[in-house]
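Fold and geometry: a report
Next come the chains, spelled out residue by residue.
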Amino acid sequence: FDARGPHLFGASSHADARVDFFANGSQPSYAAAGLLRLRTAHAGLRWHNTEASIAQDRSLLAPNIPSSLIAVSQPEFSWSGNLWTWNPQIGVSHQVGLTSTSRLIFQTGLIDTADPLLPAAPPNPSTISRAERSRWPGTEARIAAGWGDPDSGAELGVSGYFSPHETGSNMRFNAWAGAMDLRLPVTSHFAFTANAYRGAALGGLGGGGYVDYVYLYAGTREIAHALDDVGGWAQLKSKVGERLEFNTGYGIDNPFAAQIHASTSIPEYATYYGLARNRSAFGNVIYSPSAYLLFSLEYRRLWTNFATGPTNTNDVIGIGAGYRF
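First things first, this report covers the structure right here in the doc. (Residues numbered from 1 in each chain as written. Predicted model: local features only at pLDDT ≥ 70, side-chain atom pairs only at ≥ 80, totals over all residues. Heavy atoms only, no water.)

**Quick look at a nonpolar patch on the surface**
Residues Val96, Leu98, Phe106, Ile143, Trp147, Leu156, Val158 and Met180 make up a contiguous nonpolar surface patch of about 710 Å² in total accessible area. Taken together, the elements giving at least two residues each to the nonpolar patch come down to strand 7 (138-147) and strand 8 (154-166). By the secondary structure assignment, leucine 98 is in the loop between strand 5 (87-97) and strand 6 (102-111). Using a relative accessible area of 52% as the deciding quantity, one classes leucine 98 as exposed. (Patch = residues over 30% accessible without salt bridge, like charges linked within 9 Å, V, L, I, M, F, W, Y side chains within 5 Å. Areas by Shrake-Rupley, 256 points an atom, 1.4 Å probe, with all protein chains shown as cover. Salt bridge = Lys/Arg side-chain N within 4 Å of Asp/Glu carboxyl O. Helix = DSSP H or I, 4+ residues; strand = E, 2+ residues; numbered from the N terminus. Buried < 20%, exposed > 50% of the residue type's maximum accessible area, 1.4 Å probe, protein only.)

**Let's talk about unusual backbone geometry**
With a phi close to 65 degrees, tryptophan 79 is a non-glycine residue in the positive phi region. As for its placement among the helices and strands, tryptophan 79 is situated in the loop between strand 4 (50-57) and strand 5. By relative accessible area, tryptophan 79 is classed as buried at 4%.

**Notes on the nonpolar core**
Judged by nonpolar contacts, the single largest core of 18 residues is most densely connected at Leu61, Leu83, Tyr161, Phe173, Leu202 and Leu205. At four residues, strand 9 (residues 172-185) tops the list of elements feeding residues into this core. Filtering out sequence-adjacent residues up to four positions away, phenylalanine 173 remains in contact with Arg130, Ser163, Pro164, His165, Thr167, Ala201, Asp212, Tyr213, Ala224 and Ala226. Core analysis: the next-biggest nonpolar cluster, separate from the first, contains six residues, Val211, Val214, Leu227 and Tyr272 among them. (Core = buried A, V, L, I, M, F, W, Y, C linked by side-chain atoms within 4.5 Å. Contact = heavy atoms within 4.5 Å.)

**What to know about the pattern of salt bridges**
Across all of its chains, the model carries 15 salt bridges by this definition. For the salt bridge of arginine 183 with glutamate 155, the shortest nitrogen-to-oxygen distance reads 3.7 Å. Of this pair, arginine 183 sits in strand 9 while glutamate 155 sits in strand 8, placing them 28 residues apart in sequence. Here arginine 183 and glutamate 155 have matching classes, each one buried. Between aspartate 315 and arginine 301 there is a salt bridge, with the nearest N and O atoms lying 2.8 Å from each other.

Structure representation (structure tokens):
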């Protein structure tokens, strides 16, 4: 749904919403049961070079989206390097033109980060997230330089995120991250896209192996420690004419193993249920025989590690079709 509204305060107003039917009663993000789910939504005021908006969308840390017609319910590299989760935000962006084809982009905002939920885990009975319990909103900011077309030209950005958290037992920790993103057309036929991050307590953004924090110990006293995490993804796109494109890429999310092992050093006190490392690689072909139709074939390989045990692997082959209207 897309809407354009009246001019207010010298700005044009706009709004949009994206929904699907991938939710069920207990796992709104991970399993389809035909229930309506809100994906993303935006509403804003846009001046010539400035925009103020509210949104339900990915954070400023991860502006790029991998190319896939198969990864519909969640984007490609979800939980393996793509901080994709959709969270409520309010923010302002401003663009400064340097030349006719180059620009600087400044973005800042507040974000309400949700608590991560492990697949197959029961839903959290609390309606208050750990970020909300801290009584401080999360903050995020991004600075980027761009050249050429705003949607497909080169762009390099750096960003940061900070959000205080508090557990239900009143233990506090801070979520934070620094990130870089790149979109680089190599030639008229190739384009390289990447995103990388380093931070802690990133489960609510789509990292950290579904975990925000682990328990460490001072004697037998538990301390909530934000789980450090590093990851990212990269994709190479090749276009053959206007109707055929090939995409391939790799992503990884890697919580710090030393902290995971320290959290399970006293087994009778804590067990780590999250992922110790998650990686994925994919390749697809997308063919558009007309301006309205899309067809795709995709292969994806997953490597998943838990705190103990061997690497788990899985192969996924998907066939998709789409219609533009």
